[in-house]
Amino acid sequence: MRYVIIGAGAVGGTIAGRLAEAGQQVVLVARGPHRAALAEHGLRLRVPEGLLTFRLPVVESPAELGTLRADDVLVLAVKTQDAESALRTWGPSPVEGGATAAERLPLFCAQNGVESQRLALRRFRHVYGVCVWLPSTHVDPGVVAAAGSPLTGILHLGRHPHGVDDTVRRVAADLEKARFEAPVVPDVSRWQYAKLLSNLANALEAVSGPVGDPRAEALHARVRAEGESVLRAAGIPYASTDEQRAARGDKITLVPLDGAPRGGGSSWQSLSRGTGTIEADHLNGEIVLLGRLHGVPTPLNELLQRLANEFARERRAPGSLPLPDLLALADTAVAFLQDSRGPHSLA
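Being a predicted model, the structure only gives us computed values, none of them experimental. (Residues numbered from 1 in each chain as written. Predicted model: local features only at pLDDT ≥ 70, side-chain atom pairs only at ≥ 80, totals over all residues. Heavy atoms only, no water.)

I keep staring at the overall build of the protein chain and nothing clicks. Help me out?
Each helix and strand counted, the protein chain has 15 helices and 14 strands in total. Here the C-alpha atoms of the protein chain give a radius of gyration of 20 Å, agreeing with the 20 Å that 2.2 N^0.38 yields for 347 residues. On the principal axes, the C-alpha backbone points of the protein chain span a range of 65 × 40 × 40 Å. Within the protein chain, the fraction of its 347 residues that count as buried is 54%. Roughly 14,700 Å² of accessible area belongs to the protein chain as shown, and the carbon and sulfur atoms make up 53% of that amount. (Helix = DSSP H or I, 4+ residues; strand = E, 2+ residues; numbered from the N terminus. Rg over C-alpha atoms; globule rule 2.2 N^0.38 Å. Buried < 20%, exposed > 50% of the residue type's maximum accessible area, 1.4 Å probe, protein only. Areas by Shrake-Rupley, 256 points an atom, 1.4 Å probe, with all protein chains shown as cover.)

In structure tokens, the structure reads:
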């Protein structure tokens with residue numbers, strides 16, 4: 001099989017490099033300065049073993065690649081806010097032997113959140129979810145860092161909305177040869193919703209810095225508690241913290257990398273690159289949406305969603321909102337909700 005990695009950033013670039021290292025055929029899809037750097041210098045992957053360079057085909061659109069092969073696997077690794085555009089671009093691509101990518105090829109959604117595979121299923125017949133547990137960073141064009149050892153990451157795989165098949169087993173086998181653990185599960189959404197709860201801290205880190213201060217940790221716990229309440233109200237199952245801890249164990253240890261200081265998570269990286277967009281609508285915003293659908297208040301997730309979008313839109317530096325200011329905004333958001341739900345409220 002050939003892997004077409006749509007979005008060769010932190011997650012996509014790491015998966016691409018490790019697959020190429022294991023002997024798989026890989027095509028990178030990127031744009032702008034990142035694409036130019038990949039074409040000129042190759043994909044530079046900083047890992048515990050050192051700096052690895054992979055000279056791989058790089059395209060921006062399906063037209064540059066030509067007719068897709070019948071054994072191609074599409075891996076969607078753009079941020080969720082860019083998924084619709086990518087799906088619209090790649091779905092109509094012709095495949096050798098007839099029909100289109102949307103009709104014939106498997107599409108693996110290797111992203112945070114749960115929205116992309118729902119978007120994909122509107123266009124693609126064969127959609128697979130990936131729960132991504134992969135510590136990686138992409139800030140500079142052409143360079144991706146992945147500090148995990150001895151495994152680079154753990155990627156739970158399954159069909160969307162549920163089930164397994166031979167395709168997902170074959171992809172899992174390739175990933176297992178490429179320094180990943182890739183459990184094949186019939187209920188991949190359980191793992192993705194559990195990861196969603198963890199990712200609710202992304203916006204907090206992006207706007208106010210690392211969640212290390214006890215006050216930040218306490219705020220994070222309140223943000224996560226909102227998420228758990230919403231999932232319970234919606235009847236959505238998710239893997240427990242103990243189940244996740246048992247699955248991961250000590251399989252991934254972060255190793256300091258020369259020339260690649262450990263940055264923040266995916267949302268922090270978006271602000272660092274000044275992309276102008278951020279994934280908060282599909283992380284904290286997913287909890288807000290479900291809360292509104294099921295009558296569960298989510299003032300803290302609403303606040304973080306709004307702040308993260310403001311930071312991205314205004315291209316503010318990550319971590320530049322002092323924690324005391326964020327805590328004051330959080331208290332105000334909760335108090336405002338309580339006032340609005342008082343005895344004179346229609347709620």
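Help me understand the side chain of Asp174, please; the structure alone is not making it clear to me.
Relative to the helices and strands, Asp174 resides in helix 7 (residues 166-176). Of the side chains with opposite charge, Lys177 comes closest to the buried, unpaired Asp174, at an N-O distance of 4.4 Å. Discounting residues that sit within four places of it in the chain, Asp174 has contacts with Met1, Tyr3, Leu19 and Gln24. (Lys, Arg positive; Asp, Glu negative; His and termini not counted. Salt bridge = Lys/Arg side-chain N within 4 Å of Asp/Glu carboxyl O. Contact = heavy atoms within 4.5 Å.)

Help me understand the nonpolar core in this model?
Taken as a class, soluble globular proteins show a tendency for nonpolar side chains to be buried jointly. Residues Ile15, Val26, Leu28, Leu43, Leu155, Leu157 and Leu175 are the most contacted members of the largest nonpolar core, which totals 38 residues. Take this core: its biggest share by element is five residues, from helix 1 (residues 10-21). Other than its neighbours up to four places away in sequence, Leu175 contacts Ile15, Leu19, Leu155, Leu157, Phe180 and Ala182. One finds Leu231, Leu300, Leu304 and Ala312 within the second-largest nonpolar core, a separate group that totals 35 residues. (Core = buried A, V, L, I, M, F, W, Y, C linked by side-chain atoms within 4.5 Å.)

Please explain the pairing of strand 7 (residues 107-110) as it appears in this structure.
Within a regular strand, side chains alternate between the sheet's two faces. A two-sided burial pattern is seen for strand 7, the buried positions comprising Leu107 and Cys109 on one face and Phe108 and Ala110 on the other. In this structure, strand 6 (residues 72-76) lies alongside strand 7, joined through three bridges in parallel fashion. From the neighbouring strand, Leu74 faces strand 7, where its bridge partner is Leu107. Note: strand 7 against strand 8 (residues 127-133), four bridges, orientation parallel. (Pairing = 2+ DSSP bridges.)

I'm lost on the pattern of salt bridges in this one. Help?
Charged atoms that come close allow side chains of opposite charge to pair. For the structure shown, the criterion picks out 24 salt bridges. Across the pair Glu286 and Arg118 runs a salt bridge, and its minimum N-O distance is 3.2 Å. Taken together, the residues span a long stretch of sequence, with Glu286 in helix 13 (residues 284-294) and Arg118 in helix 6 (residues 115-121) at a distance of 168 residues. Residue Asp213 is joined to Arg215 by a salt bridge in which the shortest nitrogen-to-oxygen separation is 3.0 Å. In this structure, a network of salt bridges that share partners links the residues Arg18, Glu21, Glu49 and Arg179.

Even after reading the chapter, I still don't get the pairing of strand 4 (residues 50-54), so can you show me in this structure?
Pairing of strand 3 (residues 43-47) with strand 4 involves five bridges; the strand directions are antiparallel. The partner of Arg44 across the bridge, within strand 4, is Thr53. From the end of strand 3 to the start of strand 4, which pair antiparallel, there are two residues.

Please clarify how the packing of aromatic side chains should be interpreted in this entry.
What the rule picks out here adds up to one aromatic pair. Seen in terms of ring centroids, Phe108 and Tyr128 are 4.4 Å apart; in terms of plane orientation they differ by 10 degrees. Their pairing is stacked. One end of the pair, Phe108, is in strand 7; the other, Tyr128, is in strand 8, and 20 residues separate them in sequence. Residue Phe108 is classed as buried on the basis of its relative accessible area of 3%. (Phe/Tyr/Trp six-rings, centres within 6.5 Å; stacked < 30°, edge-to-face > 60°.)

Would you mind going over the sheet that holds strand 4 with me for this structure?
Backbone hydrogen bonds are what pair the strands of a sheet, in a parallel or an antiparallel way. Judged by pairing direction, the sheet is mixed, and its four strands sit side by side in the order 4-3-10-9 without closing on themselves. The sheet is open, and its two edges are formed by strand 4 and strand 9 (136-137), each paired on a single side. Running at roughly 90 degrees to strand 3, helix 1 makes contact with strand 3, strand 4, strand 9 and strand 10 (143-146) of the sheet. (Axes fitted to C-alpha atoms, helices over the stretch in contact; angles between N-to-C directions.)

Which parts of the structure should I look at to understand the packing of helix 10 (residues 214-234) against helix 13?
Each pair of packed helices gets described by two things: the angle between the helix axes and the distance between those axes. With their axes 9 Å apart at the nearest point, helix 10 and helix 13 run at an angle of 45 degrees to one another. In terms of orientation, helix 10 and helix 13 fall into the oblique class. As helix 10 packs across helix 13, the resulting crossing turns out to be left-handed. Of the residues in helix 13, those touching helix 10 at Val223, Glu226, Gly227, Val230, Leu231, Ala233 and Ala234 are Asn284, Ile287, Leu290, Gly291 and His294. For the contact of helix 10 with helix 13, the per-class residue count stands at seven nonpolar, four polar and one charged. (Parallel < 35°, antiparallel > 145°, perpendicular 65-115°, else oblique. Left-handed = near helix turned anticlockwise from the far one by under 90°. Nonpolar A, V, L, I, M, F, W, Y, C, P; charged D, E, K, R; others polar.)

Before we go on, may I ask you to explain helix 13 in this structure?
For an α-helix the count is 3.6 residues per turn, leaving residues at separations of three or four pointing the same way. Among all positions of helix 13, only Asn284, Gly285, Glu286, Ile287, Val288, Leu290 and Gly291 are buried. Buried residues in helix 13 make contact with helix 6, helix 8 (188-199), helix 9 (201-208), helix 10 and helix 14 (299-313). Gly295 occupies a position one or two residues after helix 13 and carries a positive phi of about 70 degrees.

I would appreciate a short explanation of the sheet that holds strand 7 in the present structure.
Across the sheet, which stays open at both edges, the eight strands sit in the order 5-2-1-6-7-8-12-13 with mixed pairing between neighbours. Unpaired on one side and paired on the other, strand 5 (58-59) and strand 13 (180-181) mark the two borders of the sheet. Here five bridges tie strand 1 (residues 2-6) to strand 2 (residues 25-29), and the two strands are oriented parallel to one another. Within strand 2, the position partnered with Val4 by the bridge is Val27.

Just to check I follow, could you spell out the environment of Pro186 for this structure?
Assignment of secondary structure puts Pro186 in the loop between strand 13 and helix 8. Each C-alpha atom of the pair Pro186 and Val223 lies 29 Å from the other, and the pair is 37 residues apart in sequence. Setting aside anything within four residues of it in sequence, one finds Pro186 in contact with His162, Gly163 and Val164.

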